[in-house]
Each structure stands twice: as structure tokens, then as C-alpha cells.
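# Reading the structure
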Amino acid sequence: MKDKKELRQVVRALKSKLDDTQKRQEALAVFQSIETLQAFRSAKHILLYYSLPDELPTHEIVDKWSHVKTIYLPRVNGDELDLLKYDRQHMGKGAMGITEPIGDELVDPSIIDLVIVPAVALDKHCNRCGRGRGYYDRLLPLCTHARYIAVGLDCQFFDNIPVDPHDIKMDGVVTASHLAFAKPRF
Ligand SMILES: Nc1nc2c(c(=O)[nH]1)N(C=O)[C@@H](CNc1ccc(C(=O)N[C@@H](CCC(=O)O)C(=O)O)cc1)CN2
Ligand SMILES: Nc1ncnc2c1ncn2[C@@H]1O[C@H](COP(=O)(O)OP(=O)(O)OP(=O)(O)O)[C@@H](O)[C@H]1O
């Protein structure tokens, strides 16, 4: 199997063929699937991500879910991710070009029930590969009471992706056409 660097290049080429309409349609399907899961229904505090243009879009779902759940977003702080409550009035551009929450009220990762994790590539064994900075590999162990669901576009789903010892296994992986769960009854 390809190494992670090569895999990221392959995925970049595949994603560049998709237009915004296609990405939005896939996002609708992904988040509709997630809404049916018990892990979503029972969750009160959900960590989402605010998508970059080349990712499965989340701007609409962040806003929609914020009416029924408490939504948190990550903010880059050096090598770590701080977590802040989403409030549409208090967002600004961060260092990586990501729109992030503004403010100084950081939340304890242990209050999160469900993490929706952005991915560069995913596989049917619930492995996830990210952008290669290890942010989520360091954050997720602090989310001690959460399930982790990685999401992506269909073109980011593979049978097998390379795994390093520090990679955190997901509880579930969801794309528009593929679902994989680590346990039979999730
Ligand atoms: N929407 C979103 N928010 C997120 C993440 C993410 O993957 N997606 N993160 C997940 O960790 C954290 C931020 N980490 C990031 C790491 C790298 C790049 C990035 O743009 N990297 C370039 C490589 C060029 C460079 O090194 O600057 C790239 O991937 O093209 C962005 C965010 C927290 N917030
Ligand atoms: N728990 C950890 N503690 C410290 N460094 C880590 C940890 N996990 C990963 N790293 C480091 O982060 C770097 C990126 O790892 P990797 O390529 O697996 O990232 P990724 O899973 O794609 O990224 P991300 O988790 O941000 O989406 C590696 O150099 C790795 O050593």
C-alpha cells in the first residue's frame, strides 16, 4: 500500500475533480446518516470542524446542529488544538486559513460526547489519515468520554490505508456511500 504522503497526493488529485454541488450533496448524505446513529442522538456536546474548501463541507451542518446540540470547534494553538463553543457571531480567520471561534473560554475536551473528525483518507477498518500534523492524534485521547466518527468524501474512502502506531482508530467512518463501524452495534 502507498505511504501516507503518496496517499495525500492521490486524494488531492481526486478531490480536485469535484465541484461544490457534488461536495454539498455528499455532505447531506453523510450528515443524514450520522443523524440516525444512537451515538449522535444521545450526544449533547459535539466537536465538529469548520471545513476548508477541499473538505467535506460542514458550514451548514455546524449551524443546523447548533440549534439542537452544543457544538464546539477546534482552534489551532501551536501544536495543540483548543476547543471553543461555536457561536456564529464570534468567528474569525485562524493561522491555517481555517475559520475558527474567537474568545478565551476554552472547554475541557472530556465534556465532548461525539467528535466528527476531518480526514484526508479513510478505510473500512476505521483507520483515518489526516493532514499530517498529528493534531487529532494528540487531541482525541483527551476526549475521554467521546466516540470518534471520521467523515470524508467518497473519493477519500479506501479498502486499506497505511497505519502508524500513534494513529487513533475511529469508532466509525462515514462517507456518502460507505459506512464502517468498529463494533457491530454502534
Ligand atoms: N477544517 C479543518 N479544521 C481543522 C483541521 C482540519 O483538518 N480541517 N485540523 C486537522 O488537523 C486542525 C488544523 N490542522 C491543519 C493542518 C494542516 C493544514 C494545511 O492546510 N496543510 C496544508 C499543507 C501545507 C502546510 O503545511 O501549510 C495542506 O494540507 O495542504 C490545515 C489545518 C484543526 N482544524
Ligand atoms: N500522540 C502524539 N504525540 C505526539 N506526536 C504525535 C502524536 N501522534 C502523532 N504525532 C506526530 O504527528 C505527526 C503527523 O502524524 P500523521 O502523519 O499520522 O498525522 P495525521 O494523523 O495525518 O494528522 P492529524 O491527526 O493531524 O490529522 C508525526 O510526526 C507524528 O509523530
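Everything that follows concerns the structure shown earlier in this document.
Residues numbered from 1 in each chain as written. Chains lettered and ligands numbered in written order. Predicted model: local features only at pLDDT ≥ 70, side-chain atom pairs only at ≥ 80, totals over all residues. Heavy atoms only, no water.

Before going further, it helps to spend a moment on helix α2 (residues 20–36). Taking 1.5 Å per residue, 17 residues should reach 24 Å; α2 reaches 25 Å between its end C-alpha atoms and fits that length. Residues of α2 that are buried include every one of Lys23, Glu26, Ala27, Val30, Phe31 and Ile34, and no others. The buried residues of α2 occupy one face: seen down the axis, they fall within an arc of 125°. For α2, the exposed residues set more than 90 degrees away from the buried face come down to Thr21, Leu28 and Thr36. Buried residues belonging to α2 abut α3 (38–41), α4 (59–65), β6 (114–118), β9 (147–151) and β11 (172–174). (Helix = DSSP H or I, 4+ residues; strand = E, 2+ residues; numbered from the N terminus. Expected span 1.5 Å × (residues − 1). Buried < 20%, exposed > 50% of the residue type's maximum accessible area, 1.4 Å probe, protein only. Arc of directions from axis to C-beta. Contact = heavy atoms within 4.5 Å.)

So, on to the site of ligand 1. Near ligand 1 you find 14 residues, and of these Tyr50, Glu55, Arg131, Arg133 and Tyr135 are the closest. In this structure, a nitrogen atom belonging to ligand 1 sits 2.8 Å away from a main-chain N or O atom of tyrosine 50. Isolated, ligand 1 exposes 660 Å² of accessible area, and the fraction of that covered by the protein chains is 73%. Across the shell around ligand 1, the residue classes tally to 10 nonpolar, 1 polar and 3 charged. (Near = heavy atom within 4 Å. Polar contact = N/O pair within 3.5 Å; in protein donor to acceptor, adjacent residues only side chain to side chain. Areas by Shrake-Rupley, 256 points an atom, 1.4 Å probe, with all protein chains shown as cover. Nonpolar A, V, L, I, M, F, W, Y, C, P; charged D, E, K, R; others polar.)

All chains considered together, the criterion is met by 2 aromatic pairs. Considering the side-chain rings of phenylalanine 31 and tryptophan 65, the 5.5 Å spacing of their centres and the 90° angle between planes classify their relative orientation as edge-to-face. Residue phenylalanine 31 is located in helix α2, and its partner tryptophan 65 is located in helix α4; the two are separated by 34 residues in the primary sequence. Judged on exposure class, the residue phenylalanine 31 and its partner tryptophan 65 are both buried. On the basis of an interplanar angle of 45° and a centroid distance of 4.5 Å, the ring pair of phenylalanine 40 and tryptophan 65 is categorised as tilted. Taken together, the residues phenylalanine 40 in helix α3 and tryptophan 65 in helix α4 connect sequence positions 25 residues apart. Among the residues examined, phenylalanine 40 registers a relative accessible area of 7% and is labelled buried. Residue classification places tryptophan 65 among the buried residues on the basis of a relative accessible area of 1%. In textbook terms, an aromatic cluster arises when at least three aromatic residues are bridged by ring pairs, as seen for Phe31, Phe40 and Trp65. (Phe/Tyr/Trp six-rings, centres within 6.5 Å; stacked < 30°, edge-to-face > 60°.)

All right, on to the sheet that holds strand β8 (residues 128–129) then. Pairing between the strands of a sheet comes from backbone hydrogen bonds, and it takes one of two forms, parallel or antiparallel. As summarised here, the arrangement of the 3 strands in space is β8-β7-β10, forming an open sheet in which the pairing is mixed. Bordering the open sheet on either side are β8 and β10 (157–158), each of which pairs with just one other strand. (Pairing = 2+ DSSP bridges.)

Let us look at the pairing of strand β2 (residues 70–77). As paired elements, strand β1 (residues 45–47) and β2 share 3 bridges and run parallel to each other. For histidine 45, the partnering residue across the bridge sits in β2 and is threonine 70. Handedness of the β-α-β unit built from β1, α4 and β2 comes out right-handed. Looking at chain direction, β2 and strand β3 (residues 80–85) are connected through 6 bridges and run antiparallel. Residue pairing in the sheet places valine 76 in a bridge with leucine 81 of β3. (Right-handed = clockwise from strand over helix to strand, strands pointing away.)

Bringing the nonpolar core into the picture now. Where a protein is soluble and globular, its nonpolar side chains tend to be buried together. In terms of nonpolar packing, the biggest core is built from 48 residues, with Phe31, Ile34, Leu48, Trp65, Val115, Ile116 and Val151 touching the most fellow members. In this view, leucine 48 contacts Phe31, Thr58, Ile61, Val62, Trp65, Ile71, Tyr72, Leu73, Pro74 and Ile116; residues no more than four positions away in its chain are not counted. Core analysis: the second largest hydrophobic core is formed by 7 residues, Val120, Ala121, Cys129 and Ile161 among them. (Core = buried A, V, L, I, M, F, W, Y, C linked by side-chain atoms within 4.5 Å.)

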